[in-house]
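What follows is each chain in one-letter form.
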Amino acid sequence: MDKTQALNNLIDFTNVLEYNKVRWFLAFGTCLGAYREGKIIGHDKDMDIGIMAEDFDFSILSQMQEIGFEVKFIFGMRFLGYEIAFTRNDIKIDLIFYYKKDDKIWNALWKNGGR
């Protein structure tokens, strides 16, 4: 993964989220790299962004497309574990939805083609 392009994608992607007042955070390997190494992990293959499900509006999809992101796949159901994968310049960003129930926050992970 081209780290310069990945960082540019991350900045553009999160700018759209911030414009729409979506709370976002780095997740999984993207978060680990930022925390532990202060950069993108060398062997990472994608970027992972978490958001709270209630912050999402589907108009964000068209805004992402306007700046060159393509929706590659969508897994799950909006309020039962949802993930949207975007690509731009051969770099994938996974947008993972998180849910609050009582005093817990959870998300669903998808692998093996959505199984």
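Conventions used here
- Residues numbered from 1 in each chain as written.
- Predicted model: local features only at pLDDT ≥ 70, side-chain atom pairs only at ≥ 80, totals over all residues.
- Heavy atoms only, no water.
- Helix = DSSP H or I, 4+ residues; strand = E, 2+ residues; numbered from the N terminus.
- Buried < 20%, exposed > 50% of the residue type's maximum accessible area, 1.4 Å probe, protein only.
- Polar contact = N/O pair within 3.5 Å; in protein donor to acceptor, adjacent residues only side chain to side chain.
- Salt bridge = Lys/Arg side-chain N within 4 Å of Asp/Glu carboxyl O.
- Phe/Tyr/Trp six-rings, centres within 6.5 Å; stacked < 30°, edge-to-face > 60°.

Q: Explain the side chain of Thr30 to me, and be specific about the residues and the numbers.
A: For Thr30, the location among the structural elements is in helix 2 (residues 28-37). We classify Thr30 as buried; its relative accessible area is 8%. Polar contacts involving the side chain of Thr30 include one to the main-chain amide nitrogen of Asp48, which spans 2.7 Å.

Q: Give a description of the pattern of salt bridges that names residues and reports values.
A: Pairs can form between side chains of opposite charge once their charged atoms are near each other. Overall, the coordinates contain six salt bridges when judged by the stated rule. The partner of Asp46 in a salt bridge is Lys92, with the nearest N and O atoms 3.3 Å apart. Taken together, the residues span a long stretch of sequence, with Asp46 in strand 2 (residues 46-52) and Lys92 in strand 5 (residues 91-101) at a distance of 46 residues. We classify Asp46 as buried; its relative accessible area is 14%. A residue is classified by how much of its surface remains accessible, and Lys92, at 24% relative accessible area, is partly exposed. Between Asp94 and Lys92 there is a salt bridge; the shortest N-O distance is 2.9 Å.

Q: So what about the packing of aromatic side chains? Which residues, and what values?
A: Aromatic ring pairs are described here by two measures, namely the spacing of the ring centres and the angle between the planes. In total, this model carries 10 aromatic pairs according to the counting rule given. With centroids separated by 6.5 Å and ring planes inclined at 75°, the aromatic side chains of Phe58 and Tyr82 adopt a geometry described as edge-to-face. With a gap of 24 residues between them, Phe58 in the loop between strand 2 and helix 3 (59-66) and Tyr82 in strand 4 (residues 82-88) connect regions that are remote in the sequence. Following the ring pairs from residue to residue traces out a cluster consisting of Phe56, Phe58, Tyr82 and Phe97.

Interpretation note: all reported values are geometric properties and have no functional meaning in isolation.
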